[in-house]
Amino acid sequence: MKMYLTNILADPEKIQRLLDIALTSLWPLLEGALYYTLPLTFISFFFGIILAVLTALARISTSKPLQIIGRIYVSVIRGTPLLVQLFILFFGLPTVGIVIDPFPAAVFGFSLNVGAYASEVIRAAIQSIPKGQWEAAHTIGMNYTQTLRRIILPQATRVSIPPLSNTFISLVKDTSLASLILVTEMFRKAQEIASANYEFLLLYTEAAIIYWLICFILSLIQDRIEHRLGRYVA
Amino acid sequence: MISIKGLYKKFGELEVLKGIDLEVNKGEVVVVIGPSGSGKTTLLRCLNILEVPTAGSITLNGHTADFSKQVAKNEINYFRSETGMVFQNYNLFPHKTALENVMEGPVIVKKEPKDVARKKAVSLLNKVGLGDKFDFYPFQLSGGQQQRVGIARALALEPKVMLFDEPTSALDPELVGEVLQVMKDLANEGMTMVVVTHEMRFAQDAADEVIFIDEGKVIERNKPSELFTNPKEERTRQFLNLIL
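Now for a description of the structure that goes with this document.

The subject of this paragraph is the overall build of chain B. Check the secondary structure of chain B and you find nine helices and 10 strands. For 244 residues, the compact-globule formula gives about 18 Å, and the C-alpha radius of gyration of chain B, at 18 Å, lands near that figure. Expressed as lengths along the three principal axes of its C-alpha atoms, the size of chain B is roughly 50 × 45 × 30 Å. In chain B, which comprises 244 residues, the share counted as buried stands at 58%. Relative to all contacts within chain B whose residues are 6 or more apart in sequence, the contacts with residues 24 or more apart total 63%. Accessible area for chain B stands at about 10,600 Å²; split by element, carbon and sulfur atoms hold 47% of it. Charge-centre separation for chain B: the mean point of 30 positive side chains lies 5 Å from the mean point of 33 negative side chains.

Next up, the structure:
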């Protein structure tokens, strides 16, 4: 480490070369983030949350079959590595004639993952709303769907923002796994550039910084949402 | 208006109501008293089928729900639409303002146009003395104010019967009066009311009939003046001695 730094600092040409590489690779990396990492994150999170709400409702429903389906889904997804799931979807399924392109395969895999993890968050949030809220809604004539949509979910949303932000930020970083099923997202771009010029430390650090910046901005957004939803709480 | 026949309610092994028979006439104010665990709150919650009784029947305005069979959804809906309920802990919707709490039922359930519902909500909140609190969230209101919003919310659906489940039990003593006053006004307007309460003053002032319940059975029922001064049953006497 010390040798590496001393060698570089003693050599202005080397510094210039590293700066050049850092600058010229910046756009390709950002491109990977803008075209793949971020869309992959947002699309997967969108479908994942829909899946999570449905799964949470299935698990708190009175129907035994629905409860069991929800339970098995969560157990299988949480009990197997994300990377293995992605490999099954992309490299495994073609064996039985199902061929999915890298990007949709990644969206599919990540959505299933978010759905399983977030369903537990949403289930807990729904169950944290006092029973009196359901009863009050029923006494003014609201049915299950109306109560859920107008009374329970808005309150559950507030409770679930911090843990869901965790899921979201994890997802941003997990998308780097898509590089292994040939999605040219940011980390894969970094790998490609580094394998050409051998500046692994530089490229991977640069990618890490961009991931961190994205997550930092997201957590700022989280603060704003929490603040907004907290306005009716003492 | 309400006729309860042979009502039973079991929670698992625990039998809370053991054959209740009760009539409530239109415009009557019936106060239900009894020791804690006597089943008075459960009885009230059976009246709008928030709890489904195990056996017996309730007739409301000629609609009969027979609990020896599965109760149809539209029957439950009828009971809910004809009754308004006020809870001990108010149960206001915390993410909605006072006005929105009152408008919610008319707009979402009855599909009333928003401006119509708003006008009605404004006049109801004025009526319960909260004309200056329309845009306050529940957490910004005192307990007494929250409970009055709760009453306005129930009234917004124009119920034929109002059910009160210990409406002042969670309130600081100095806030009890304002809620009882709203309830008395309502009684004077001829609203049919069933009130579970420990406020014997309210029972004396506003009730047409007081019903004493113990261990899931109606022990005694009479005019308040009679029941309080001259109880016929030993158990009623013991209870009144404890609380008066």
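Next up on the list: the pairing of strand β5 (residues 63-66) of chain B. As paired elements, strand β4 (residues 55-60) of chain B and β5(B) share four bridges and run antiparallel to each other. Its bridge partner lying in β5(B), Ser57(B) is registered against Asp66(B).

Turning our attention to the layout of surface pockets. As a volume, the largest pocket reaches approximately 600 Å³. Around the largest pocket, the lining comprises 16 residues; the ones closest to its centre are Trp134(A), His138(A), Asn143(A), Tyr144(A) and Lys73(B). Going through the elements one at a time, α2 (12-60) and α6 (131-139) of chain A together with α2 (73-82) of chain B are the ones with two or more residues in the lining of the largest pocket. In terms of residue class, the lining of the largest pocket is built from eight nonpolar, six polar and two charged. Along the walls of the second largest pocket sit 19 residues, with Phe45(A), Ile161(A), Leu164(A), Ser165(A) and Ile225(A) positioned nearest its centre. Elements with a contribution of two residues or more to the lining of the second largest pocket: α2, α5 (102-127), α7 (144-174) and α9 (200-229) of chain A. At nine residues, the largest contribution of residues to the lining of the second largest pocket is made by α7(A).

What follows deals with the interface of chain B and chain A. Residue-level contacts link 22 residues of chain B with 20 residues of chain A. Each partner contributes to the roughly 1,900 Å² buried at the junction of chain B and chain A, and carbon and sulfur atoms together form 62% of this total. The largest per-residue losses of area from chain B upon contact with chain A belong to Phe93(B), His95(B) and Phe139(B), which jointly make up 28% of the total buried on that side. Inspection of the region where chain B meets chain A yields two salt bridges. A salt bridge links Arg45(B) to Glu135(A), with the nearest nitrogen and oxygen atoms 2.6 Å apart. The interface formed by chain B and chain A holds six residue pairs in polar contact (both at pLDDT 80 or more) in total. Broken down by secondary-structure element, the contributors of at least two residues to the side of chain B that touches chain A are β6 (83-86) and α3 (98-109) of chain B. For the side of chain B that touches chain A, the leading source of residues is α3(B), giving four residues. Of the residues contributing to the side of chain B that touches chain A, the split by class is 11 nonpolar, five polar and six charged.

For sheets, the rule is that strands pair by backbone hydrogen bonds, running either parallel or antiparallel. Residue and element names in this part refer to chain B. Judged by pairing direction, the sheet is antiparallel, and its four strands sit side by side in the order β2-β1-β4-β5 without closing on themselves. Strand pairing shows two members of the sheet lacking a second neighbour, β2 (14-24) and β5, which therefore form its edges. On average, adjacent strands in this sheet sit at an angle of 20 degrees to one another, irrespective of strand direction. Contacts from helix α1 (residues 40-47) reach β1 (2-11), β2 and β4 within the one sheet, and its direction differs from that of β1 by about 120 degrees.

Procedures and definitions
- Residue numbers here run from 1 along each chain, matching the order of that chain's written sequence.
- To label them, take the chains in the order written and letter them from A, then take the ligands in the order written and number them from 1.
- Totals for whole chains, interfaces and linings use every residue, but because this is a predicted model, local features are given only for residues with pLDDT of at least 70 and side-chain atom pairs only at 80 or more, for both listing and counting.
- In computing side-chain properties, one takes all heavy atoms of the structure into account and sets aside hydrogens as well as water.
- Segments assigned H or I by DSSP are reported as helices when at least four residues long, segments assigned E as strands when at least two residues long, and all are numbered from the N terminus.
- What the globule rule says is 2.2 Å times the number of residues to the power 0.38, and the radius of gyration is computed from C-alpha atoms.
- Working definition: with a 1.4 Å probe on protein chains only, accessible area under 20% of the residue-type maximum means buried, over 50% means exposed, and in between means partly exposed.
- Only heavy atoms enter the contact rule, under which two residues are in contact if any of them lie within 4.5 Å.
- The method behind every accessible area is Shrake-Rupley, applied with a 1.4 Å probe, and residues are considered shielded solely by the protein chains displayed.
- Note that His is not counted, nor are the chain ends; the positive residues are Lys and Arg, and the negative ones are Asp and Glu.
- Working definition for charges: the position is that of NZ of Lys, CZ of Arg, CG of Asp or CD of Glu.
- Strands qualify as paired when DSSP identifies two bridges or more between them.
- Here the term cavity refers to a set of points on a 1 Å grid, laid over the protein atoms alone, in which a 1.4 Å probe fits but cannot get out; the term pocket refers to an open set having protein on both sides within 12 Å along at least five of seven lines, with lining residues being those that place an atom within 4 Å of a point.
- Grid points are joined across faces, edges and corners, and a volume is the space filled by probe spheres set on the points.
- Gly counts as polar in this scheme, as do all residues outside two lists: the nonpolar Ala, Val, Leu, Ile, Met, Phe, Trp, Tyr, Cys and Pro, and the charged Asp, Glu, Lys and Arg.
- Defined in terms of a 1.4 Å probe, buried area is the accessible area two parts forfeit on being brought together, summed over both.
- Between Lys or Arg on one side and Asp or Glu on the other, a salt bridge is scored when a side-chain nitrogen of the former is within 4 Å of a carboxyl oxygen of the latter.
- Here a polar contact means two N or O atoms within 3.5 Å. Within protein one must be a hydrogen donor candidate and the other an acceptor candidate, and residues neighboring in sequence count only if both atoms are side-chain atoms.
- What counts as an axis is a line fitted to C-alpha atoms, over the stretch in contact for a helix, and the angles between N-to-C directions run from 0 to 180 degrees.

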